[in-house]
Amino acid sequence: DKEAIEREGERGADFMDYADWLSNYFAEALSRIEVTVLAAAKREFHEEFCRWFAYLVEDPAKSVAVDENFTPLVAQDSYEQEVANLSGGERTALALAYRLALNRVVQRNAGLTSSLLLLDEPTDGFSKEQIGRLGDLLKELDLRQAIIVSHERELEGAVDHIFRVEKENGRSTVRQVG
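Since we're looking at a predicted model, the values are computed, not measured.

Definitions and cut-offs
- Residues numbered from 1 in each chain as written.
- Predicted model: local features only at pLDDT ≥ 70, side-chain atom pairs only at ≥ 80, totals over all residues.
- Heavy atoms only, no water.
- Helix = DSSP H or I, 4+ residues; strand = E, 2+ residues; numbered from the N terminus.
- Expected span 1.5 Å × (residues − 1).
- Contact = heavy atoms within 4.5 Å.
- Pairing = 2+ DSSP bridges.
- Axes fitted to C-alpha atoms, helices over the stretch in contact; angles between N-to-C directions.
- Parallel < 35°, antiparallel > 145°, perpendicular 65-115°, else oblique.
- Nonpolar A, V, L, I, M, F, W, Y, C, P; charged D, E, K, R; others polar.
- 1 Å grid on protein atoms, 1.4 Å probe; cavity = no way out; pocket = protein on both sides within 12 Å on 5 of 7 lines; lining within 4 Å.
- Points joined across faces, edges and corners; volume = space filled by probe spheres on them.
- pLDDT = per-residue confidence, 0-100.

1. Notes on helix 2 (residues 88-110)
And step 1. Taking 1.5 Å of rise per residue, the 23 residues of helix 2 would be expected to cover 33 Å, and the 33 Å separating its terminal C-alpha atoms lies within 8% of that figure.
And step 2. On the buried face of helix 2, the contacting elements are helix 1 (2-56), strand 1 (62-66), strand 2 (72-76), strand 4 (116-120) and helix 3 (128-141).
And step 3. Gly111, located one to two residues past helix 2, shows a positive phi value of around 70°.

In structure tokens form, the structure reads like this:
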């Protein structure tokens, strides 16, 4: 039937117009949006990352940034420094600052809120001053709940409840202190 063939031809032309629009306009617009959104997220991440690192490592000669792949970069007196050359406490601070920044950016961009933070031995290699700053940082985060697994008694002043896990005869027991 000639009419059916003409309708299919018109339908095919419409599909070609859609394909043209998708490949020439929509894909380009989507790419620009993606670049803009990622650039904004990277700026936001960079600000948070720098802020938390500076909070935990009080050395004005040291600074951090991230490259285009969000890999952390460290500089001392404007010279790039290998992460492996940082002290243990500085590496721990770098990792913690990175995770805190990532958490903040993801939550903001996803429209999520969380009042819970879980940290397992967050002070590995920290000096006494850094441990104290971590306690201050926890207060600044203003969370409803933070669960911290640590052997550092210096953190006890920054928390409301302390639980000790003790192992006796191969069995762990948990008791609240105070």
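2. Here we look at the sheet that holds strand 2
And step 1. Here we have three strands laid out as an open sheet, ordered 1-2-3, and antiparallel in their pairing. Here the strands that pair on one side only, and so sit at the sheet edges, are strand 1 and strand 3 (79-81). With direction set aside, neighbouring strand axes in the sheet form an average angle of 40°.
And step 2. Alignment of strand 2 against strand 3, held across three bridges, turns out to be antiparallel. Bridge pairing in strand 3 links Val74 to Gln81.
And step 3. The sheet contacts of helix 1 involve strand 1 and strand 2, and relative to strand 1 the element is tilted by about 155°.

3. With respect to the packing of helix 2 against helix 3
And step 1. Taken N-terminus to C-terminus, the directions of helix 2 and helix 3 make an angle of 10°; their axes are 12 Å apart at the nearest point. In terms of orientation, helix 2 lies roughly parallel with respect to helix 3. Residue-level inspection shows Gly89, Glu90, Ala93, Leu96, Leu100 and Arg104 of helix 2 in contact with helix 3, the latter providing Gln130, Leu134, Leu137 and Leu141.
And step 2. Tallied by class, the residues present in the contact of helix 2 with helix 3 amount to six nonpolar, two polar and two charged.

4. Here we look at the layout of surface pockets
A probe matching the size of a water molecule, rolled over the atoms, marks out where space remains unfilled.
And step 1. When its volume is computed, the largest pocket comes out at roughly 960 Å³.
And step 2. Forming the walls of the largest pocket are 26 residues, and the residues nearest its centre are Ile148, Val159, His161, Ile162 and Phe163.
And step 3. When residues in the lining of the largest pocket are grouped by element, the largest group, five residues, is from strand 5 (residues 145-149).
And step 4. Taken together, the residues of the lining of the largest pocket break down into 12 nonpolar, five polar and nine charged.
And step 5. By volume, the second largest pocket amounts to about 240 Å³.
And step 6. Lining the second largest pocket we find Thr92, Ala95, Leu96, Arg99, Leu100, Asn103, Leu117, Leu118, Leu119, Asp120, Glu121 and Pro122.
And step 7. Mapped by element, the contributors of at least two residues to the lining of the second largest pocket are helix 2 and strand 4.
And step 8. Here the element with the most residues in the lining of the second largest pocket is helix 2; it accounts for six residues.
And step 9. Each residue belonging to the lining of the second largest pocket can be placed in one class, and the counts come to seven nonpolar, two polar and three charged.

5. Regarding the confidence of the model for the protein chain
And step 1. On average, the protein chain scores 88 in pLDDT, and the residues at 70 or more come to 100%.
And step 2. Here helix 3 stands out as the element of the protein chain with the lowest mean pLDDT, 85, in contrast to strand 2, whose mean of 95 is the highest.

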